[in-house]
Amino acid sequence: MPDNVANQIAAGEVVQRPASVVKELLENSIDAKSTEITLIIKNSGKILIQVIDNGIGMSSSDASICFERHTTSKIKSAKDLFNIRSKGFRGEALASIAAVSHVELITRQSNNDLGKIIKIQGNKIVENKSTVSKIGTSIMVKNLFYNIPARRNFLKSDNVELKHIINEFHRTSIAHPEIKFIFNNNDSELFNLPKSNLRKRIVNIFGAKSNEKLVPVNEETDILKINGFVFKPEYSKKSRGEQFFFVNNRFIRSPYLNHSVNSAFEGLIDLKYNPSYFLFMEVDPKSIDINIHPTKTEIKFDDEHSIYAILRSSIKHGLGQFNIAPILDFSHDKSMEVPYSYRNKKEIRGVGIDVNENYNPFDNNTIKLSKNIYIDLEMDKNRVIDNDSLDSIEEDSKVNTLDFSNDGNFESNSVYQLNNKYLVNKIKSGIIIVNQNRAHQRILYEKFLKFITIDGSKPQKLLHPLEINLAIQEVEILVSYKKQLKLSGFIFKKISSSDLLFEAIPTFLDPTRVESYIQDLLDNIKDDISDKNFSQSDLTAKLMSKSLAIKNGKKLLKDEQEFIINSLFACKEPAVSPFNKNIYYTITFEELEKKFL
Ligand code: ADP
Ligand code: MG
């Protein structure tokens, strides 16, 4: 088999996307004992990935062969494989990368006055000469997959690829707080992380707010040493959140260990929420097999049951030490104190962001007075549902395309909520079962889209502008959505690389919830939603609707249930959610009859 073919096949294993290149280059720089590493990318790595380090560099002969397969300076004998502490040890990464891109290497060791510059295209050295350079190594990887169009076309949108790169960058930089990292994307600085300790590194990456969320976890036994942090239970997220396991300082994925962490949080958070954690485990390298997957993120422990148990108990212990349990004793839910009559007030126009701040982990069916689901975006007070306005809404609902709108359509008093998730309603031809979350997403989505594309929302100016501290890359994300957010009513400016100042917010939003709303919005943006090529206006409307919609699992009052049903069928497209999922399901009497034949 010709070398370049073998290399391309190997590349398929090692290099799946720009983020894989980032991972390999960063690991090589760490192995080279660098104390400062800069990552530069253009167009999420599709055009350029460059890593510059101040490590030991390569001799000129090593530089000329490092792109050949199985040239690793890190293994002297097969026995070393089991004791390996460095990141890479297969001698495959650079060869694989060079097989699918244009590479330029500049490197110098401290005992040489001059460095080397080597350019490689299609696995062939096209330039190799001496050059003036700094001590250390710079590797530029350009035009990834230029020679494999199928792979290049397979790459996702810039947003998604960037997200993968940021994930890799998080993993590497969290594992090495002793190294300074800088990360630039398209000439804007996403991260600038000074040399520090683990706690500060986490705070520098995830924002100043994360400091108060951290609970230390420490344990030392004969077979396992654990240190790191978990987030306090109340900061658990519906999305996967920040979850990092490192074994012998190498990032790994482990559903099994994740399960152990979840079990330590049992009783403190709802099963639907995921704890965040940054956990470092040290074990004897001989007792694990990390080489079962080419990208080396999976692991097999000899004694996994013990590891599971030790991990679980050390987290429980950590949470107990910090008196987390008593804090979580919300025996009364403040929202229950809102007088019933409040619901009928005409000026109600809050939007519920279902953050878990009032959420009682010991009661899965917490009833909240969810006045907030009434969305009065148009400031039309009649939209607040009371019995009088039901008529006008039924009027509206006739524009929908459903065939069961003939006469009385819905029997508005017969809505029934099933399992805190489905709204069941009798219709003329049978029954309809509506998913409450998706229905509300649709309702909100159409409203937002109208605002963003036609009307513009009237912002409410804040008496006291609100400063929100975020992670640097989160600020960048919001700034990139600035125009659409402004049309939706959010007016803000960037006051530092990690702070935004909100001067106005949409009228329907409760000012005290802006921060949690923004956080929710960011989570959704990060959660791959942007994986489609939506227009940015459409995407913003989608994200906002997802963030603000009432969630499944929430008990709704009768008139809230009716509000959802009626508003849904006033929508242009009541059948599918903004994310193209079915909103409802109907069972006709005919179908029922057949069941009883
Ligand atoms: P591995 O890391 O598995 O040894 P790679 O293909 O990633 O294999 O790298 C090949 C070799 O190139 C390494 O063993 C190392 O000697 C050298 N090398 C790669 N990157 C650097 C760097 N940033 N600084 C110094 N040497 C490097
Ligand atoms: Mg390597």
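For the structure itself, consult the block above.
To keep things clear, this report deals only with the structure shown in the data block. (Residues numbered from 1 in each chain as written. Chains lettered and ligands numbered in written order. Predicted model: local features only at pLDDT ≥ 70, side-chain atom pairs only at ≥ 80, totals over all residues. Heavy atoms only, no water.)

### What to know about the pattern of salt bridges
Next, step 1: Enumeration over the complete set of coordinates arrives at eleven salt bridges.
Next, step 2: Two residues, Asp-158 and Lys-46, come together in a salt bridge whose shortest N-O distance is 2.7 Å. With Asp-158 in helix α7 (residues 158-175) and Lys-46 in the loop between β1 (36-42) and β2 (48-53), this residue pair connects regions lying 112 residues apart in the sequence.
Next, step 3: Classification of Lys-46 as buried rests on a relative accessible area of 15%.
Next, step 4: Here the salt bridges share partners, and the residues they tie into one network are Lys-119, Glu-127 and Lys-129. (Salt bridge = Lys/Arg side-chain N within 4 Å of Asp/Glu carboxyl O. Helix = DSSP H or I, 4+ residues; strand = E, 2+ residues; numbered from the N terminus. Buried < 20%, exposed > 50% of the residue type's maximum accessible area, 1.4 Å probe, protein only.)

### Considerations on α7
Next, step 1: Its 18 residues place the ends of α7 26 Å apart at the C-alpha level, agreeing with the 26 Å of an ideal helix rising 1.5 Å per residue.
Next, step 2: For α7, the buried fraction is high: 13 of the 18 residues fall into the buried class. (Expected span 1.5 Å × (residues − 1).)

### A word on the sheet that holds strand β19 (residues 459-469)
Next, step 1: The three strands are arranged β19-β21-β20 in an open sheet whose pairing can be described as antiparallel. Each edge of the sheet is formed by a strand with only one pairing partner; in this case those strands are β19 and β20 (491-496). Ignoring strand direction, the axes of neighbouring strands in this sheet form an average angle of 15°.
Next, step 2: Here β20 runs beside strand β21 (residues 499-506); their pairing, made up of five bridges, is antiparallel. Each bridged residue has a counterpart across the sheet, and for Ser-496 the counterpart in β21 is Asp-499.
Next, step 3: Taken strand by strand, helix α14 (residues 472-480) contacts β20 and β21, and its axis lies near 145° from that of β20. (Pairing = 2+ DSSP bridges. Axes fitted to C-alpha atoms, helices over the stretch in contact; angles between N-to-C directions. Contact = heavy atoms within 4.5 Å.)

### Let's talk about the packing of aromatic side chains
Next, step 1: Under the counting rule described, the total for this entry stands at 17 aromatic pairs.
Next, step 2: Ring geometry for Phe-206 versus Phe-244: centroids 6.3 Å apart, planes at 50°, classification tilted. Here Phe-206, found in helix α8 (residues 198-206), pairs with Phe-244, found in strand β11 (residues 243-247); they are 38 residues apart in sequence, far enough to count as distant.
Next, step 3: By relative accessible area, which is 14% here, Phe-206 ends up buried.
Next, step 4: You can call Phe-244 buried: its relative accessible area is 6%.
Next, step 5: For the ring pair Phe-490 and Phe-502, a centre distance of 6.1 Å and an interplane angle of 80° mean the geometry is edge-to-face. Of the two residues, Phe-490 sits in the loop between α15 (482-487) and β20 while Phe-502 sits in strand β21, which places them twelve residues apart along the sequence. Neither residue differs from the other here; Phe-490 and Phe-502 are each classed as buried. (Phe/Tyr/Trp six-rings, centres within 6.5 Å; stacked < 30°, edge-to-face > 60°.)

On their own, these measurements won't tell you what the molecule is for.
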